Amino acid sequence: MIPLLPLLLWALAEGLGPAAPRALAALLAAQIGFQTAPRLGRTNPWEIPELSRTYAWLQSRPEPGALSSALPVRDGWYARRPCLALPDSETAAGLAGTLKAARARFILRQDGLDLGLSQGGSAPLQRILETTHRHLGDEKYFREVFVDPAENTRIYELR
């Protein structure tokens, strides 16, 4: 019915003649009222970001340096840090070298990240992400500095 709504409103306006502006204004007011009234006085579920505690921790760090994550636009915005995408690397040393060259200091890992991939674990992007997560476990190059089990996040720092 939604695609037909403009046609139905046009037919209503034609049928009502001179009373159409008042009737359509009443319909618009009713729509706004029905959609707004239930939300008045409630907190907006999108008011607080999904990873609010993780972002708060990143914001509290005075150290300079960029952040690297799988979702750099979202994470950089909320963490208020320059952010770059996680680079693809075959080795932990290569990953650390690439991040150091980009002046990244922190790496955000979010487990259970839904990327909307239809192929699931066999998608190339998912394999790259899993490889990168394995590299982050190499204590020679990375140090875990923050963990939030409720948000499924970990933050690593380059050594």
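Residues numbered from 1 in each chain as written. Predicted model: local features only at pLDDT ≥ 70, side-chain atom pairs only at ≥ 80, totals over all residues. Heavy atoms only, no water.

**A few points about empty space enclosed by the protein**
Part 1 of the reasoning: For the structure on display, the rule yields one cavity of 30 Å³ or more.
Part 2 of the reasoning: Counted as a void, the largest cavity has a volume near 60 Å³.
Part 3 of the reasoning: Every residue lining the largest cavity is listed: Ser69, Ala70, Leu71, Arg74, Asp75, Leu86, Leu108, Arg109, Gln110, Leu113, Leu129 and His133.
Part 4 of the reasoning: Elements supplying a minimum of two residues to the lining of the largest cavity: α4 (72–79), β3 (104–110) and α6 (124–136).
Part 5 of the reasoning: Taken together, the residues of the lining of the largest cavity sort by class into six nonpolar, three polar and three charged. (1 Å grid on protein atoms, 1.4 Å probe; cavity = no way out; pocket = protein on both sides within 12 Å on 5 of 7 lines; lining within 4 Å. Points joined across faces, edges and corners; volume = space filled by probe spheres on them. Helix = DSSP H or I, 4+ residues; strand = E, 2+ residues; numbered from the N terminus. Nonpolar A, V, L, I, M, F, W, Y, C, P; charged D, E, K, R; others polar.)

**A look at the pattern of salt bridges**
Side-chain pairs of opposite charge can arise whenever the charged atoms involved come near each other.
Part 1 of the reasoning: Under the definition given, this model contains eight salt bridges.
Part 2 of the reasoning: One salt bridge in this structure joins Glu50 and Arg74, with 3.2 Å as the shortest N-O distance. Here the residue Glu50 occupies a position in the loop between α2 (20–36) and α3 (52–60), and Arg74 occupies one in helix α4, the gap between them amounting to 24 residues.
Part 3 of the reasoning: Several salt bridges share partner residues, and in doing so they unite Arg109, Asp111, Glu144 and Arg154 into one network. (Salt bridge = Lys/Arg side-chain N within 4 Å of Asp/Glu carboxyl O.)

**Focus: the sheet that holds strand β1 (residues 66–69)**
Part 1 of the reasoning: Across the sheet, five strands lie side by side as β2-β1-β3-β5-β4; this open sheet has mixed pairing. Edge positions in the sheet fall to β2 (83–85) and β4 (142–148), since each of these pairs with one other strand and no more. Neighbour-to-neighbour, the strand axes of the sheet open up by a mean angle of 25°, direction not taken into account.
Part 2 of the reasoning: Here five bridges tie β3 to strand β5 (residues 153–158), and the two strands are oriented antiparallel to one another. Note that in β5 the partner of Phe106 across the bridge is Glu157.
Part 3 of the reasoning: The strands touched by α3 within the sheet are β1, β3, β4 and β5, with β4 carrying the most contacts at an inclination of about 130°. (Pairing = 2+ DSSP bridges. Axes fitted to C-alpha atoms, helices over the stretch in contact; angles between N-to-C directions. Contact = heavy atoms within 4.5 Å.)

**Details of the pairing of β5**
Part 1 of the reasoning: A large share of β5 lies buried, amounting to five of its six residues.
Part 2 of the reasoning: Across six bridges, the pairing between β4 and β5 is antiparallel. Considered in β5, the bridge of Glu144 is made with Tyr156.
Part 3 of the reasoning: The loop that links β4 with its antiparallel partner β5 comprises four residues; one of these, Asn152, has a positive phi angle of about 55°. (Buried < 20%, exposed > 50% of the residue type's maximum accessible area, 1.4 Å probe, protein only.)

**Observations regarding unusual backbone geometry**
One can expect most non-glycine residues to show negative phi and most peptide bonds to be in trans.
Part 1 of the reasoning: The phi angle at Arg80 is positive, at roughly 55°, despite the residue not being glycine.
Part 2 of the reasoning: Given a relative accessible area of 68%, Arg80 falls into the exposed group.
Part 3 of the reasoning: Unlike most non-glycine residues, Arg103 shows phi in positive territory, near 65°.

Function cannot be read off these values alone, since they describe shape.
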